[in-house]
Amino acid sequence: MISEEEARTKILDGVQPLPPRQTPIAQALDCFAAQDYFARLPLPAFDNSAMDGYAIVASSCKKGCRLRVTGEQPAGPDRKLRVGTGEAVRIFTGAPVPQGSDAIVMQEDVTRDGTGISVNVDVEAGEFIRRRGCDLAQGQMILAKGERVRATTVALLSSQGFADVIVGGKPTAAVISTGDELVKPGDELQPGQIYDSNSVLLSALLQRCGVSATAVEHCRDDRESLGDAIKRGMKNDILIISGGVSVGEHDLVREGLCELGAKIEIWRVAVKPGKPFLFGNIGESFVFGLPGNPVSTFVTFLQFVRPAILRMMGATNLDLPQVPAKLAFGLTNDGDRPHYIRGRLEHEKFTPIGRQESHALFGLSQANALLRVAVGQALKPAEIVNVQIWDW
Ligand code: AMP
Ligand code: MG
């Protein structure tokens, strides 16, 4: 049995970033930039109006003054209008500010009559003008290599005229759920059977990493079906097998992998839940064997599979976000493995939730954070601890 740190190092040394590729920005969500990006344009790109109103000269515009409206500038092509003393140009939000004007007065603050307006407020220079470059300077970094592309990132890239972005590759992944007891949701249960929940759990977790499973299949605990399923699954960059990785007579995964020429790099890690975790190579594929208890599947995916996927995708930060929280009650770990406690993080307080056992799916479903309690650690009530969050 090796430590979590050793396991993580071995895995991350094993996997390499996939070759970068160019993708339309609309498809780049949750990918990772493969190069730094810099602003091509300042934002705003030109001085423009923040309001629907009138472009005026502030020094000639006191409360009660009357101005002649000499033209109109909507958002769109610059009509190259000019504003002089005693004049106003009708203007709309986002429209370029006419030459000579140094402030916008809101339409709510004027009374329009015929060809002119009466201004009902004092106006200061600069009012309601969005200055060129005040948000973003040309040449400023807008996206760093290894950073995740978010909804707001694609918006920013678009604002800079980028139609495509170069991002890290996306691994293909297959999921195999093993177990004679498993039944597909929707089918009828016989006594002793349970519904397969890991297939959808793993698909969902993959999706959260920006990867969609190319194949998800159930496989019985027999050598032949398992061998066939592995042969199909190993055509992907990543093969995730749930269950059958422990030491019982019906746990055939390790043997099945070895028969097909897999090199097992890791089997059994000092982590609770998830001890029988397995990692290796088979053909061109990285294979992860996750213990079948749903909480073990979940914890080992987040601690070992997720960082590997993110590394393949070219991410810089492979860790789950961590936040400090006040512990609702004391906890000790008298066991021989670090224990990931499932809990609910709310208002900066972490409350362990449900049964802390590896089969306890309901408690897991109510949790949104994990607290790692090291071997021998004794945490006091109200102590500030760092928790990992996955659902925010
Ligand atoms: P195993 O890792 O195959 O020894 O399975 C450990 C426990 O997890 C057993 O109670 C299994 O019934 C359960 N289990 C295995 N696979 C799944 C699955 N896909 N969905 C829900 N429970 C599972
Ligand atoms: Mg099993």
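Everything below is about the structure printed above this text.
None of these values were measured; they are calculated from a predicted model.

On to the pairing of strand β19 (residues 278–282), then. The buried fraction of β19 amounts to 4 of the 5 residues, a majority that puts the element mostly inside the structure. Pairing between strand β18 (residues 263–267) and β19: 4 bridges, direction antiparallel. If you follow W267 over to β19, its bridge partner there is L278. Examined bridge by bridge, β19 and strand β20 (residues 285–290) share 5 bridges and lie antiparallel to one another. By the bridge assignment for β20, N281 is matched with F286. The loop that links β19 with its antiparallel partner β20 comprises 2 residues; one of these, G283, has a positive phi angle of about 55 degrees.

As a further point, take helix α3 (residues 198–208). Within the sequence span of α3, burial applies to N198, S199, L201, L202, S203, L205 and L206. Packing partners of the buried residues in α3 comprise β13 (173–178), β16 (213–219), β17 (238–242), β20 and α6 (294–312). Once α3 finishes, G210 follows within two positions and takes phi at roughly 85 degrees, a positive value.

Right, let's get into the sheet that holds strand β4 (residues 53–56). Across the sheet, which stays open at both edges, the 6 strands sit in the order β7-β4-β6-β5-β9-β8 with mixed pairing between neighbours. Two strands bound the open sheet, and with one partner strand each, they are β7 (103–106) and β8 (110–113). Strand after strand, the sheet turns through a mean of 40 degrees between neighbouring axes, direction not considered. Inspection of the sheet shows β8 paired to strand β9 (residues 116–119) by 4 bridges, in the antiparallel sense. Across the sheet, the residue bridging to V110 is V119, located in β9.

Next up on the list: the packing of aromatic side chains. Applying the stated criterion to the full structure yields 6 aromatic pairs. Arranged with centres 5.1 Å apart and planes meeting at 45 degrees, the rings of F279 and F288 form a pair that is tilted. For the residue pair F279 and F288, the accessibility class agrees, reading buried in each case. Plain terms: the ring middles of F298 and W390 are 4.7 Å apart, the flat faces sit at 70 degrees to each other, and that makes the pair edge-to-face. In this pair, F298 is assigned in helix α6 and W390 in the segment after β27 (384–389), connecting sequence segments 92 residues apart. Like F298, the residue W390 is buried in the burial classification. By way of ring pairs, the aromatic residues F277, F279, F286, F288 and F304 are connected into one cluster. Against the face of F162 rests R40, its NZ or CZ located 3.7 Å from the ring centre. If you follow R254 out to its NZ or CZ, it ends over the ring of W267, 3.7 Å from the centre.

All buried positions along helix α4 (residues 223–233) are accounted for by L226, G227, A229, I230 and G233. One face of α4 carries all of its buried residues, which in axial projection span an arc of 165 degrees. Measuring from the side-chain oxygen of the N-cap residue of α4 to the backbone nitrogen of E224 gives 3.2 Å; that N-cap residue is D222.

Cut-offs used in this document
- Residues numbered from 1 in each chain as written.
- Chains lettered and ligands numbered in written order.
- Predicted model: local features only at pLDDT ≥ 70, side-chain atom pairs only at ≥ 80, totals over all residues.
- Heavy atoms only, no water.
- Buried < 20%, exposed > 50% of the residue type's maximum accessible area, 1.4 Å probe, protein only.
- Helix = DSSP H or I, 4+ residues; strand = E, 2+ residues; numbered from the N terminus.
- Pairing = 2+ DSSP bridges.
- Contact = heavy atoms within 4.5 Å.
- Axes fitted to C-alpha atoms, helices over the stretch in contact; angles between N-to-C directions.
- Phe/Tyr/Trp six-rings, centres within 6.5 Å; stacked < 30°, edge-to-face > 60°.
- Lys NZ or Arg CZ within 6 Å of the ring centre and 35° of its normal.
- Arc of directions from axis to C-beta.
- Polar contact = N/O pair within 3.5 Å; in protein donor to acceptor, adjacent residues only side chain to side chain.

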